[in-house]
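Listed below are the residues making up each chain.
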Amino acid sequence: MFSLVAVSAELAEQLVAIESGGEDAVHQARTRVRRLRSVLSVYRKAFEPEETRRLRARLKTLGTRLGDVRDREVRADALDDLLRADDDPTVIDGVEALAVRARADHDSASTALLEHLRGRSQRRLLADLQAFVADPPLTSNGRKHPRKITRHGLAKAVQRVHAAHGESLDERHATRKAARRLRYAAEAVTDDLGRDAVRLASAAEVVQDALGAHRDDTLLADFLREHGLDAAAVRCERRAGEALEGLDGKLAAIDL
């Protein structure tokens, strides 16, 4: 139901890949956690609330741990990719020093994550998740009217995207999270809703990507300014502004 079995299996695979040093495994695992939480949130009326609430909370804890590692990785990659051949030597030295520090922070967070993944609580979470998706605790409406719940959930998710619209960094971040939640929820029901779900997921992904690029570059610019690298910060701020071009039209395309 709602692709829960497939996504939970993919999550388990990616968590194993993290322990074996798989490329991009942390990012992929974090994405699966977000997919599961989005489905359980958007279609929550299909599931018994208390058991679902507990599972969502546990998945959120795992997602936070994965996110800490992934965010540090993104920061380090962004610093590595920032420099140009004609940059001032002072800028090059400063950015390279920050990149080295960012890699060290990422390595430390990765070690802590591995320790957690090898623990008993993580094994218990995966076992409970597999049991949940194999036999979801559905409400009476979840059993009798799944299509109605799907339509209603997506409509509410669309509303949340537009309700979160604003111009501050925090407001745009809220819009991005709402778009991401909508995207994953729509992708989970493409077999049932067909083109409508595909179109909605695609529109939400465009908004998610634009706001994600804007946020990443804005935060990186702030970080660089804190370390006296104003010239490099200007470059990031320029890219952040470019990411918002045509945003109103992209938001308008999110409609069910």
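All values reported here derive from a predicted model rather than from experimental measurement.

Colleague: Any chance you could explain the packing of aromatic side chains here in plain terms?
Modeller: For any two aromatic rings, the description comes down to two numbers: the centre-to-centre distance and the angle of the planes. Per the stated rule, a full pass over the model turns up 3 aromatic pairs. With centroids separated by 4.3 Å and ring planes inclined at 10°, the aromatic side chains of F2 and Y43 adopt a geometry described as stacked. In this pair, F2 sits in the segment before α1 (4–19) while Y43 sits in the loop between α2 (25–42) and α3 (49–82), placing the two residues 41 residues apart along the sequence. Each member of the pair, F2 as well as Y43, is classed as buried. Geometrically, the ring pair formed by F47 and F132 is tilted, given 5.9 Å between the ring centres and 40° between the ring planes.

Colleague: Which parts of the structure should I look at to understand the domain arrangement of the protein chain?
Modeller: Many structure descriptions define interface size as the accessible area lost when the parts assemble. Its domain assignment divides the protein chain into domain 1 (1–137) and domain 2 (141–255). Between domain 1 and domain 2, the residue contacts involve 28 residues of the former and 30 residues of the latter. A buried area of about 2400 Å², summed over both sides, lies between domain 1 and domain 2, and 63% of it is on carbon and sulfur atoms. Per-residue buried area on domain 1 facing domain 2 is highest for V42, Y43 and L82; these three make up 24% of the total on that side. At the boundary of domain 1 and domain 2, one finds 2 salt bridges. Residue D87 pairs with R235 through a salt bridge whose shortest N-O separation is 2.6 Å. Secondary-structure elements contributing two or more residues to the side of domain 1 that touches domain 2 are α2, α3 and α4 (89–117).

Colleague: Could you clarify how one ought to interpret the side chain of R235 in this entry?
Modeller: Mapped onto the elements of the fold, R235 is located in helix α11 (residues 230–243). Exposure remark for R235: the relative accessible area of 12% places this residue in the buried category. Beyond its immediate stretch of four places on either side in the chain, R235 contacts L82, L83, R84 and D87.

The rules behind these values
- Residues numbered from 1 in each chain as written.
- Predicted model: local features only at pLDDT ≥ 70, side-chain atom pairs only at ≥ 80, totals over all residues.
- Heavy atoms only, no water.
- Phe/Tyr/Trp six-rings, centres within 6.5 Å; stacked < 30°, edge-to-face > 60°.
- Helix = DSSP H or I, 4+ residues; strand = E, 2+ residues; numbered from the N terminus.
- Buried < 20%, exposed > 50% of the residue type's maximum accessible area, 1.4 Å probe, protein only.
- Domains from an automatic or database assignment.
- Contact = heavy atoms within 4.5 Å.
- Buried area = accessible area lost by both parts, 1.4 Å probe.
- Salt bridge = Lys/Arg side-chain N within 4 Å of Asp/Glu carboxyl O.

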